[in-house]
Amino acid sequence: MKRAVLALCLLALAAAVRAESRADRILRHLEAVNPANVRLAWADMVRRWPDRFEAEPAWLRTFERDRRRLLNAIKGDWGPEYGQPPPVECAARFLADLRARLLANPLLDGDRLLVIRRRPAQLGLHQNWQQPRDLFGGCPNELGILSNLRADRPSFAALDTSPDNGYIGELCLHWDATRVLYTRRTDRRDHPPKVRGSRAEEVVDRVYELDLATPGARPREIPCIPDADVNCYAGCYLPDGALLFLSDASMVGVPCVVGSSWVASLYRREADGAIRRLTFDQDNNWCPNVMPDGRVLYLHWEYADITHYCSRILFTMNPDGTTQRAYYGSNSYWPNALFNARPCPDNPDRFTAIVSGHHGQPRYGELVLFDVGRGRKEATGVVQRFTERGRPVEPVVRDRLADYSWPKFCHPWPLSQDYVLVAARPTEKDGWGLYLADAFDNLTPIAEEADHVFFEPIPLQPSPKLRALASKVEPHETTGLMKVTDIYDGPGLKGVPRGTVKALRLYTYSFAYRWMGAEVDHHGLDGPWDIKRILGTVPVEADGSAFFRVPANVPLSIQPLDEKGRALQLMRSWTQVMPGEMAS
């Protein structure tokens, strides 16, 4: 019933968007054009590609005057001048010419994008605490190629389609551009044992690969974890020939929804098919992709003894699972989430991401450029919010963080730090379209269709092979080493006199399984969520250092203790080591 009501509401919204007259739409878009921003974008293209663009073309010299004249003509309801088209038609041509000039950007010369095409009333975006499995009803999907991008209406050619109750998404293009990994819903269904809140039938999602070099090729399922009650998502190519993927094979459930949403962890699949789990987290991982230096960037969610709606932290790790570290957002209330974060190809310290909330709108929000060289917490690393150049970004603390901000953005792909392919809804009156967003606040439409939306754009062209990092894991080991250089370093023990910490208490978590989450009637009142289990204590040297052996593949937390065994601080998070790793 709720799904039917939601569908009706979405249809009503789509109808409201279509109800706007063509003349009103053209006027609104003409009013949105900022001549100063256009000049900045053109000057940037002239600077980058001087052999392609004239510094001060005739159209640019009269651009502001022509726009003002058209606005006056339309608002004053002037009739067409003798022998001339009506002002609205002249304005439409003006906007089309502007689009053509900004899409002449050489970063689009490849002229082909890999995209997902869906319907406006079925966006196929799962909630911010979920994985694709939670889209139980599915949606119609088409994986395809969008080409002839500078034409008035780009061409779309489908490569794979799913039925109305299917799912296709989470694309990863191989660097040679001849194959693509993606999540796809199978036609198989699982019928699990009946427990409180469970469903009689479960969908089964898997990682598939499609050969793009062979016309008519069919997608093939990548053998990952075959169990019928396990889903696998978000395949990611690694430079050493292995794959990463997400899977809910841990059987852990998200605690705040009583385990009804299943937690997906990162796994590694070797070229010979061997599989090893890499993350042992309380909650979901999302959006893995390989950085230029060979590390893996992914979104990590945790809320052990902290507020759960603002604790999605951007993490990095080596492709073998070692050196798992916070990259952006640790100890921060803003941003709540950084979905689809991806490094900029021309500046590896910078990345674009969708800043969104916890509850509220799913997976879309504000498009923000970050620089970890500037900072890694709150808004210290923000370079700019797209379409708001020059305005400071305030770290607002709010659950539904981006529900009331416009434009809406989804699935960014940075062509550079200044130009980003992105799905967007510029205003409440607009539907979703595919755009080129630039650092000068221009949003240039590439593809807009009343009956379709385009998500997950990826340029369909080869890219440099990324660096392969050698593995440090000893697969047959069951432990690792942990080194603390100085327990007093950092803000955690600020004000605690040196010499106070005598030992470290080590403990682990027992995370709740599916349908067994720790909501108010189980364990704690809106947190703490999980059972803690003490592993032991280790001594701290006089200089604040400690060196000790710990079990591998286990979430580990640390409490500094005084001479009476009293805790001086609570870690409110966890770390882990891979077999044979020495972490510090």
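Only a predicted model underlies this, so the values are computations on that prediction, with no experimental measurement involved. (Residues numbered from 1 in each chain as written. Predicted model: local features only at pLDDT ≥ 70, side-chain atom pairs only at ≥ 80, totals over all residues. Heavy atoms only, no water.)

Visitor: Even after reading the chapter, I still don't get the packing of helix H2 (residues 22-32) against helix H5 (residues 63-75), so can you show me in this structure?
Guide: For any two helices packed against each other, the geometry comes down to the angle between their axes and how far apart the axes lie. It is at 10 Å that the axes of H2 and H5 come closest, and there the two elements cross at 145°. Our pair here, H2 against H5, has a crossing hand that is left-handed. Along its contact with H2, which presents Leu27, Leu30 and Glu31, the element H5 presents Arg67, Leu70, Leu71, Ile74 and Lys75. (Axes fitted to C-alpha atoms, helices over the stretch in contact; angles between N-to-C directions. Helix = DSSP H or I, 4+ residues; strand = E, 2+ residues; numbered from the N terminus. Left-handed = near helix turned anticlockwise from the far one by under 90°. Contact = heavy atoms within 4.5 Å.)

Visitor: Is there a simple way to think about the pattern of salt bridges in this case?
Guide: Where charged atoms of side chains with opposite charge meet at close range, the side chains can pair. As enumerated under the stated definition, the model contains 38 salt bridges in all. Between Arg47 and Asp44 there is a salt bridge, with its nearest N and O atoms 2.7 Å apart. Of the two residues, Arg47 and Asp44 both sit in helix H3 (residues 35-48), 3 residues apart, roughly one turn of that helix. A relative accessible area of 7% places Asp44 in the buried class. Counted as one network, the salt bridges with shared partners bring together Glu20, Arg25, Arg28, Asp430 and Glu448. (Salt bridge = Lys/Arg side-chain N within 4 Å of Asp/Glu carboxyl O. Buried < 20%, exposed > 50% of the residue type's maximum accessible area, 1.4 Å probe, protein only.)

Visitor: Even after reading the chapter, I still don't get the packing of H3 against helix H6 (residues 87-102), so can you show me in this structure?
Guide: Their axes nearest at 11 Å, the elements H3 and H6 cross at an angle of 30°. Considering the angle they form, H3 stands roughly parallel to H6. Crossing hand, H3 versus H6: left-handed. For the pair H3 and H6, the contacting residues are Val38, Ala41, Trp42 and Met45 in the first and Leu98, Arg101 and Leu102 in the second. Broken down by class, the residue content of the contact of H3 with H6 amounts to 6 nonpolar, no polar and 1 charged. (Parallel < 35°, antiparallel > 145°, perpendicular 65-115°, else oblique. Nonpolar A, V, L, I, M, F, W, Y, C, P; charged D, E, K, R; others polar.)

Visitor: In this structure, what is going on with the nonpolar core? I would like to understand it.
Guide: One broad rule of soluble globular proteins: the nonpolar side chains tend to lie buried together. In this structure, Leu314, Trp334, Leu338, Phe351, Leu367 and Phe370 are the most contacted members of the largest nonpolar core, which totals 47 residues. In terms of residue count, strand E16 (residues 337-344) provides more of this core than any other element does, 5 residues in total. Discounting residues that sit within four places of it in the chain, Phe351 has contacts with Leu314, Tyr327, Tyr328, Leu338, Ala341, Arg342, Pro343, Cys344, Val368, Leu369, Phe370 and Val372. (Core = buried A, V, L, I, M, F, W, Y, C linked by side-chain atoms within 4.5 Å.)

Visitor: Before we go on, may I ask you to explain empty space enclosed by the protein in this structure?
Guide: Scanning all chains against the criterion turns up 3 cavities of 30 Å³ or more. Taken as a whole, the largest cavity encloses approximately 440 Å³ of empty space. If you go around the largest cavity, you meet 24 residues; those closest to its centre are Glu170, Leu171, Asn340, His411 and Glu456. For the lining of the largest cavity, the secondary structure elements donating two or more residues are strand E4 (168-173), strand E8 (232-237), strand E12 (285-290), E16, strand E20 (408-414) and strand E24 (453-459). In terms of residue class, the lining of the largest cavity is made up of 13 nonpolar, 6 polar and 5 charged. The volume enclosed by the second largest cavity comes to roughly 40 Å³. Residue lining of the second largest cavity: Leu107, Leu108, Gly110, Asp111, Arg112, Leu113, Leu149, Leu415, Leu421, Pro459 and Gln461, and that is the complete set. Per-class residue counts for the lining of the second largest cavity are 7 nonpolar, 2 polar and 2 charged. (1 Å grid on protein atoms, 1.4 Å probe; cavity = no way out; pocket = protein on both sides within 12 Å on 5 of 7 lines; lining within 4 Å. Points joined across faces, edges and corners; volume = space filled by probe spheres on them.)

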